[in-house]
Amino acid sequence: DNHMEGDDPLIFTLESGPVDDFPNIMRVNRADFNLVMGVGIATGEDPMQTDPEVRISWTDDGGVNWHNPRLLKMGRQALADNLVSVYNTGMTGRQGRRWRIEVSDAVYVSVMGATQEHEMRRQ
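Nothing here was measured: the structure is a model prediction, and the numbers come from that model.

Novice: Give a description of the overall build of the protein that names residues and reports values.
Specialist: On a plain count of helices and strands, the protein comes out with zero helices and nine strands. Listing the helices and strands of the protein from first to last along the sequence gives β-β-β-β-β-β-β-β-β. Across its three principal axes, the protein shows a C-alpha extent of roughly 55 × 30 × 20 Å. Counting only residues that meet the buried cut, the protein has 38% of its 123 residues in that class. For the protein, restricting intrachain contacts to residue pairs at least 6 apart in sequence, the fraction spanning at least 24 positions comes to 76%. If you average the places of the 12 positive and of the 19 negative side-chain charges in the protein, the two averages end up 12 Å apart.

Novice: Lay out the sheet that holds strand S4 (residues 26–35) with the relevant residues and their values.
Specialist: Sheet architecture is open: three strands sit in the order S7-S4-S9, paired in antiparallel fashion. In this open sheet, the two strands that pair with only one neighbour each are strand S7 (84–91) and strand S9 (111–120). Taking each pair of neighbouring strands and ignoring which way they run, the sheet shows an average axis angle of 15 degrees. Across six bridges, the pairing between S4 and S7 is antiparallel. The partner of Arg-27 across the bridge, within S7, is Met-91.

Novice: Any chance you could break down the side chain of Asp-51 for me, citing the residues and the numbers?
Specialist: Take Asp-51: it is sitting in the loop between S4 and strand S5 (53–59). By relative accessible area, Asp-51 is classed as buried at 17%. One polar contact links Asp-51 to Lys-73, side chain to side chain, over a distance of 3.1 Å. Every residue in contact with Asp-51, bar those within four places of it in the chain, is listed here: Lys-73, Arg-76 and Asp-105.

Novice: Any chance you could break down the sheet that holds strand S8 (residues 98–103) for me, citing the residues and the numbers?
Specialist: Within a sheet, neighbouring strands are paired by backbone hydrogen bonds and run either parallel or antiparallel to one another. With antiparallel pairing, four strands are arranged side by side in an open sheet as S3-S8-S5-S6. Strand pairing shows two members of the sheet lacking a second neighbour, strand S3 (12–15) and strand S6 (70–73), which therefore form its edges. Taken over all neighbouring pairs, the strand axes of this sheet differ in orientation by 20 degrees on average, direction set aside.

Calculation notes
Residues numbered from 1 in each chain as written. Predicted model: local features only at pLDDT ≥ 70, side-chain atom pairs only at ≥ 80, totals over all residues. Heavy atoms only, no water. Helix = DSSP H or I, 4+ residues; strand = E, 2+ residues; numbered from the N terminus. Buried < 20%, exposed > 50% of the residue type's maximum accessible area, 1.4 Å probe, protein only. Contact = heavy atoms within 4.5 Å. Lys, Arg positive; Asp, Glu negative; His and termini not counted. Charge placed at Lys NZ, Arg CZ, Asp CG, Glu CD. Pairing = 2+ DSSP bridges. Axes fitted to C-alpha atoms, helices over the stretch in contact; angles between N-to-C directions. Polar contact = N/O pair within 3.5 Å; in protein donor to acceptor, adjacent residues only side chain to side chain.

So this is what it looks like as C-alpha cells:
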C-alpha cells in the first residue's frame, strides 16, 4: 500500500522478453498495454499522484539501447476508460522487440499483459 521510500517514490519497472516472431524483422504498427487504469489519488500529491503517467520505451538490440519513452496517462481517480497504446514504433532488429514499462509516480500499478500488432518485412 505504500508507494514511497521516505520522500522518494518507488519506481515500478517491467521489461518483456523478445516479442512475437523473434528473430524475424517486422514493422510494429501498434502495441497495447493492459494496465489497471484510473489509479490517480484525488487527495494525493499533484500531479504525481493525482494524474499519474507511465513511460513506455522499447529496444531492438537486446537492451543495449532504448528508445526515448513515450509518456502516457494512467488516469485520474476512477477515470479508467483510457488505453495505454503506442503507435508506429518502426522496425525491429534481429534480436527482436522488447518493451519496458516504468511508473515513478507513487500510485498502484498492475500490468495484466500486452499485445503487439506488426507486419513482417518483405524480403
